[in-house]
Amino acid sequence: MGEVKLIGTHQSFPCARIEWGLKIKGVEYEYLKEDLSNKSDLLIESNPVHKKVPVLIHKGNPIAESLVILEYIDETWKDNNAHSLLPQNPYERALARFWAKFIDEKCVISVWGACVAQEGEEKEKAVEGAIETLSHLEKQIKGKKFFGGEKIGYLDIVAGWLSYWLSVLEELGEIELVNAERFPCLHEWGKNFINTSPIKDCIPPREDVLAYFSFGINYVRSMAPNKA
Amino acid sequence: MAEKKNSNGEVKLLGAWPSPFVIRARIALNIKSVEYDFIEETFGKRSQLLLKSNPVNKQIPVLIHGHKCIAESMIIVQYIHEAWSSSGPPILPSLPYDRAIARFWLTYIDDKWFPPLKSIVLGLDTEPIEEKLEKVREGLVLLEDAFNKISKGKDFFGGDQIGYLDIGFGSFLAWLKTVEVTEGVSLVHETTTPALAKWLQKFCAHDAVKDVLPPIDKLIAFSKMLRANVDLVINPK
C-alpha cells in the first residue's frame, strides 16, 4: 500500500499506539525518531498546527492525532486477513469511540493530575477522581479478555498506556491506582495486554519513560502557584 | 425538506436548542431524513432520562435509537452516517485520508478553537478578552486555509454536500455571530476570511441546517442568562 513512515518518540504512549496498530495490521513502516527538544523540519511541516508526535506519513500524506491515525490505519489496511481494530457494528463502534474519548479526556487527565498533585487534601481529591474514572473502565473490561473481545482492538490500543506507563506515573506520583484488589479485571487485562505480541515488542525501557515523565512532572510542579 | 422516514424503531434526541453539540446531531439526522423526538432538557437540571442514558458524562446530546444510547456529538454524527448509510447522502468523506483530515480539524476545533470562544460567551476572567478574541481569529485563519485546501473549489468542506467537518464547525456559527454582536467585533468577514464568509452563508441556508440554528436575538438573551449562572454551567446539578 505504499511507503509508511511514523514520526515519534518511543517513550510517548500515543506513539506506541500507532506502532501497535501498524504491527497488528502487518504494515511495514519506517520509524523516524524525533527529538522533541529540537523539532525536525519534517515534523513541523507534517504537523504545522500542533508540531507534536505521533505523525503518520503515508504516500507522502501526513496524518496527526493518535485516535485519528488509528482510524485511518483501520480504514486503509482492511483487505484479506487484516485484523479489524474497530468493531463492524455501528453501535459497537460508537461505544468504542466513546470510551476512547473518555480515556483520553478523563482518565489521562485525572491520572496525570493525581500524579502531579502535591501532598495533602488536593492530592487526596485528585486520587479519588482518578480512581473514579478508572472504575468505569473496570466495568467495561469485566468478563472480557480484551476490550475488543478475544482479540486486541482499537480500545485496547487506546487504553494500552494503563498496562505500562501508568505504573511509572504511580511510582513518580507516589500513588497506587490500579492493583489486583481494587480493579482485578483491569489489572488482569493489563497483564494480558502487555505480554501479547506485537504489543510487548514496542515497549520502551522503563528508565526512559521515568525520565520522560519526571521532566514533565517537575515542570508542571514548578509552574504551580503555591509551592510546598 | 425531504420526507422523513423512521427506521429500525424509535429515535429520540436529548438536547437543548442553544447547544452547538446538539445542533450537530440534529443536522446529521436531517441530512438522513430521520424522524425523531426532540426531548429538551431544562438548563441547570438533569432529567432522569439523561442520567440513565448517559450515566458516565451526564451531558447532552444523547441519541437514543431503540434501546441504544449514543453520547458525544461527533460520535453521534458518525453513528448516524453508519446506521442510516442507505438513506440520504453520506456524511463522512469516502476516502480514508479525507476522513482523517476532517477528523483532525474537528479535534482542533473542539480542543483548541472552541475553548476561548466558550470563555468569551461565559464571561470568564481567565485572561483578557482581547487575547481570547485573538485566539479565535488565529484559528479562523487556519480554518480558512483548511477550507480552501479541503473543499477543492466546492461550496462545502464536504464538497458539493455538507459533511462531517461542515457540521462540526458550522454548529458554532450562531454562537460566533452572537459574540460578534455582544462584543462589537468582526470575526468571520469577507475581507479577512472570504472563503469562510461565503461558506457560512451557504451552510446557514442549507435545508438540513436552517431550522436548527437558533436565532441570534434568542441566543443573546440566553447568553446573558448563562453569564448570570456560570456556576451552573461549570457544575451542573
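A brief report on the enclosed structure follows. For clarity, every value in this text was computed on a predicted model and none was experimentally measured.

**A short note on the overall build of chain A**
Item 1. Helix and strand content of chain A: nine helices and four strands.
Item 2. For chain A, the succession of helices and strands along the chain, N to C, is β-α-β-α-β-β-α-α-α-α-α-α-α.
Item 3. The C-alpha radius of gyration of chain A comes to 18 Å, within 12% of the 17 Å expected for a compact globule of 228 residues.
Item 4. Projected onto its principal axes, the C-alpha coordinates of chain A cover approximately 55 × 45 × 30 Å.
Item 5. Within the span of chain A, comprising 228 residues, buried residues form 49% of the whole.

**Overview of the nonpolar core**
Item 1. The biggest cluster of nonpolar side chains holds 147 residues, and the ones touching the most others in it are L134(A), W161(A), I27(B), L63(B) and W113(B).
Item 2. Ranked by residue count, the leading element in this core is helix α4 (residues 96–122) of chain B, at 14 residues.

**Quick notes on the packing of aromatic side chains**
All names here are of chain A.
Item 1. Under the criterion given, the structure shown has 29 aromatic pairs over all chains.
Item 2. Seen in terms of ring centroids, W20 and F193 are 5.1 Å apart; in terms of plane orientation they differ by 85 degrees. Their pairing is edge-to-face. Here W20, found in helix α1 (residues 13–24), pairs with F193, found in helix α8 (residues 184–194); they are 173 residues apart in sequence, far enough to count as distant. Here W20 and F193 have matching classes, each one buried.

**Topic: the pattern of salt bridges**
Item 1. Inspection of the entire model under this criterion finds 23 salt bridges over all chains.
Item 2. Notably, a salt bridge pairs R103(B) with E75(A), separated by 3.2 Å at the nearest N-O pair. Within this pair, whereas R103(B) is found in helix α4, its partner E75(A) is found in helix α3 (residues 66–76), the two belonging to separate chains. The pair R103(B) / E75(A) is uniform in exposure class, with both members buried.

**Some points on the sheet that holds strand β2 (residues 30–33) of chain A**
Whenever strands of a sheet pair, they do so through backbone hydrogen bonds, lying parallel or antiparallel.
All names here are of chain A.
Item 1. Read across the open sheet, the four strands follow the order β2-β1-β3-β4; overall the sheet is mixed. Strands at the two margins of the open sheet, each flanked by one partner only, are β2 and β4 (61–64). If you compare each strand with its neighbour and ignore which way they point, the axes differ by 20 degrees on average.
Item 2. Here four bridges tie strand β1 (residues 4–8) to strand β3 (residues 55–58), and the two strands are oriented antiparallel to one another. Counterpart to K5 in the pairing with β3 is I57.
Item 3. Running at roughly 160 degrees to β1, α1 makes contact with β1, β2 and β3 of the sheet.

Thresholds applied
Residue positions within a chain follow its written sequence, with the count starting from 1. As a convention, the first chain written is A and the first ligand written is 1, with the rest following in written order. A pLDDT threshold of at least 70 governs which residues receive local features in this predicted model, and a stricter bar of 80 or more applies before side-chain atom pairs are shown or counted, although totals over entire chains, interfaces and linings include all residues. Only hydrogens and water are removed before side-chain values are computed, so all heavy atoms of the structure are retained for them. By the criteria applied, helices consist of DSSP H or I runs no shorter than four residues and strands consist of E runs no shorter than two, each listed in order from the N terminus. We take the radius of gyration over the C-alpha atoms and set the globule estimate at 2.2 Å times the residue count to the 0.38 power. Only protein chains enter the area calculation, which uses a 1.4 Å probe; residues under 20% of their type maximum are buried, those over 50% are exposed, and those in between are partly exposed. Among buried residues, those of type Ala, Val, Leu, Ile, Met, Phe, Trp, Tyr and Cys that are joined through side-chain atoms within 4.5 Å constitute a nonpolar core. Between 30 and 60 degrees the pair is tilted, below 30 it is stacked and above 60 it is edge-to-face, where a pair is any two Phe, Tyr or Trp rings, Trp via its six-membered ring, whose centres lie within 6.5 Å. A pair is scored as a salt bridge if a Lys or Arg side-chain nitrogen falls within 4 Å of a carboxyl oxygen belonging to Asp or Glu. For two strands to be treated as a pair, DSSP must find no fewer than two bridges joining them. Between N-to-C directions, angles cover 0 to 180 degrees, with each direction set by a line fitted to C-alpha atoms, over the stretch in contact for helices. Every residue pair with non-hydrogen atoms within 4.5 Å of one another is taken to be in contact.

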